[in-house]
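Residues per chain are reported as follows:
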Amino acid sequence: MTEFSLRLEMVKTAKSMFERGYSSGGAGNLSLKLPDGNLLATPTNTSFGDLDPDRLSKVDMNGNHLDGDKPSKEVLMHIAMYQQRPQAGGIVHLHSPYLTALSCVDGLDPANCLPPITPYYVMRVGKLPLIPYFRPGSPRIAEELGKLAGEHGSVLLANHGPVISGKNLREAMFNAEELEETARLYFILRNGPMRTLTDDQVAELEQVFKGKM
C-alpha cells in the first residue's frame, strides 16, 4: 500500500472506532508502519472522529518528528512495541469503556488480566499482561511495555487502558474489538458462576494457532 492509502486507512479506522464508542474526545492514539520504515501516528490532542490525513504525524523509529502535526506524547510506547515485536505493523491504544474499567479493577492477575472465557480471546490475543500505573506519557510505560512486547501483542496499562498490536492496523483493530468484547463478557459474568476454558483446552488452542496470535 502507498503512504497515501495508509493515511486514508488510519483516518477511516479511527473514525469507525470513534463512532462505536472506543474513543472519546482526544483520548487514545493509533500508529502504523510505513513502507519507508517510519511510523504514521495520530497527532496530539486530536479526536479519532475527525482526523485529517494530510496532518497525521510522521516519526522515525527513534521518535524524531519528521512531518505533520506534533505526535501524541505516547508515541514512545508504540515505538517500544515495534522495536520488540517486528511482526507488528499497526498499534491501537484505546480508552474503551470495558477495558479501561478492567484496568481499574483491583487484584488482577498481572500475567493475564482476563480469564479464558472464549476460544477467540485465546486464539486472537493469547494473554493480556498488566503494566503498573505510570502517568500518561511517562517513559516508564515504554520501558515496561518493551519488556513484555516480545511475548505479548497486547498489554493493559493500569488505570489507563489497553495497547494492542496486529500485523497491520486492520488486524490491530480486530484484536482490540475481541479484547473489548471479552472484557464486556467478564463484567457480565464476574458476579456469578463463570465457566472458563480448561488448561487443556487453552493448551490445544495455543498449539493449533501457534504463530497466529
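Below, the structure is looked at part by part. Predicted model only: the values in this text are computed from it and were never measured.

What counts and what doesn't
Residues numbered from 1 in each chain as written. Predicted model: local features only at pLDDT ≥ 70, side-chain atom pairs only at ≥ 80, totals over all residues. Heavy atoms only, no water. Core = buried A, V, L, I, M, F, W, Y, C linked by side-chain atoms within 4.5 Å. Buried < 20%, exposed > 50% of the residue type's maximum accessible area, 1.4 Å probe, protein only. Helix = DSSP H or I, 4+ residues; strand = E, 2+ residues; numbered from the N terminus. Contact = heavy atoms within 4.5 Å. Pairing = 2+ DSSP bridges. Salt bridge = Lys/Arg side-chain N within 4 Å of Asp/Glu carboxyl O. Axes fitted to C-alpha atoms, helices over the stretch in contact; angles between N-to-C directions. Parallel < 35°, antiparallel > 145°, perpendicular 65-115°, else oblique. Left-handed = near helix turned anticlockwise from the far one by under 90°. Nonpolar A, V, L, I, M, F, W, Y, C, P; charged D, E, K, R; others polar. Phe/Tyr/Trp six-rings, centres within 6.5 Å; stacked < 30°, edge-to-face > 60°.

**Focus: the nonpolar core**
Turning to step 1, where the next piece is worked out: In terms of nonpolar packing, the biggest core is built from 38 residues, with Met17, Val92, Leu102, Leu128 and Leu179 touching the most fellow members.
Turning to step 2, where the next piece is worked out: At the level of secondary structure, the elements contributing two or more residues to this core comprise helix 1 (3-19), strand 1 (29-33), helix 3 (97-103), helix 4 (119-124), helix 6 (169-189) and helix 7 (199-208).
Turning to step 3, where the next piece is worked out: If one sorts the elements of this core by residue count, helix 6 sits on top with seven residues.
Turning to step 4, where the next piece is worked out: Apart from residues lying up to four places away in sequence, Leu179 is in contact with Leu99, Leu114, Tyr121, Val125, Leu128, Ser154 and Ile164.
Turning to step 5, where the next piece is worked out: Formed by 20 residues, the second largest nonpolar core is a distinct cluster that contains Val75, Ala88, Ile131 and Ala142.

**Digging into the pairing of strand 8 (residues 161-166)**
Turning to step 1, where the next piece is worked out: Within strand 8, six of the six residues are buried, which leaves the element mostly enclosed by the surrounding structure.
Turning to step 2, where the next piece is worked out: With four bridges joining them, strand 5 (residues 90-93) and strand 8 adopt antiparallel strand pairing. Within strand 8, the residue paired with His93 across the bridge is Val163.
Turning to step 3, where the next piece is worked out: In this structure, strand 7 (residues 154-157) lies alongside strand 8, joined through four bridges in antiparallel fashion. For Leu156, the partnering residue across the bridge sits in strand 8 and is Pro162.
Turning to step 4, where the next piece is worked out: Here strand 7 folds back onto strand 8, and the loop between the two strands holds three residues, one of which, Asn159, carries a positive phi near 55°.

**Quick word on the environment of Gly137**
Turning to step 1, where the next piece is worked out: Along the chain, the position of Gly137 falls in the loop between strand 6 (130-131) and helix 5 (139-148).
Turning to step 2, where the next piece is worked out: Each C-alpha atom, one on Gly137 and one on His65, is 16 Å from the other, the two residues being 72 residues apart in sequence.

**Some details on the pattern of salt bridges**
Turning to step 1, where the next piece is worked out: In this structure the tally under the stated criterion is nine salt bridges.
Turning to step 2, where the next piece is worked out: For Glu3, the salt bridge goes to Arg7, with nearest N and O atoms at 3.0 Å. On the criterion of helical spacing, the pair formed by Glu3 and Arg7 is a turn pair, its members being four residues apart in helix 1.
Turning to step 3, where the next piece is worked out: Classification of Arg7 as buried rests on a relative accessible area of 6%.

**Overview of the packing of helix 2 (residues 75-84) against helix 5**
A pair of packed helices can be characterised by two numbers: the angle between their axes and the separation between those axes.
Turning to step 1, where the next piece is worked out: Contact geometry of helix 2 with helix 5 gives a least axis separation of 8 Å together with a crossing angle of 20°. Between helix 2 and helix 5, the interaxial angle falls into the category roughly parallel. For the pair helix 2 and helix 5, the crossing hand works out as right-handed. Taken together, the residues of helix 5 that come into contact with helix 2 (itself represented by Leu76, Met77, Ala80, Met81 and Gln84) are Ile141, Ala142, Leu145 and Gly146.
Turning to step 2, where the next piece is worked out: Considering only residue class, the contact of helix 2 with helix 5 consists of seven nonpolar, two polar and no charged.

**What to know about helix 5**
Turning to step 1, where the next piece is worked out: Among the residues of helix 5, Ile141, Ala142, Glu144, Leu145 and Gly146 are the ones counted as buried.
Turning to step 2, where the next piece is worked out: Contacts from the buried residues of helix 5 go to helix 2, strand 6, strand 7 and strand 8.

**What about the packing of aromatic side chains?**
Turning to step 1, where the next piece is worked out: This structure, assessed with the given rule, holds two aromatic pairs.
Turning to step 2, where the next piece is worked out: Relative to Phe187, the ring of Tyr186 has its centre 5.4 Å away and its plane inclined at 75°; by these criteria the two rings are edge-to-face.
Turning to step 3, where the next piece is worked out: The exposure class assigned to Tyr186 is buried, which follows from its relative accessible area of 13%.
Turning to step 4, where the next piece is worked out: Given the relative accessible area of 22%, Phe187 is considered partly exposed.
Turning to step 5, where the next piece is worked out: Cluster of aromatic residues (ring-pair linked, three or more members): Tyr98, Tyr186 and Phe187.

**Notes on the pairing of strand 1**
Turning to step 1, where the next piece is worked out: Across the five residues of strand 1, four count as buried, placing the element largely inside the fold.
Turning to step 2, where the next piece is worked out: With four bridges connecting them, strand 1 and strand 5 associate as antiparallel partners. Residue pairing for strand 5: Ser31 is matched across the bridge by Ile91.
Turning to step 3, where the next piece is worked out: Of the pairings in the sheet, the one linking strand 1 to strand 2 (residues 39-41) comprises three bridges and is antiparallel in character.

**Points about the environment of Asn64**
Turning to step 1, where the next piece is worked out: Mapped onto the elements of the fold, Asn64 is located in the loop between strand 3 (57-59) and strand 4 (65-67).
Turning to step 2, where the next piece is worked out: According to the relative accessible area criterion, Asn64 is partly exposed, its value standing at 41%.
Turning to step 3, where the next piece is worked out: Taking the C-alpha atoms as reference points, Asn64 and Asn175, 111 residues apart in sequence, are found 28 Å from one another.
Turning to step 4, where the next piece is worked out: Setting aside chain neighbours within four positions, we find Asn64 in contact with Lys58 and Val59.

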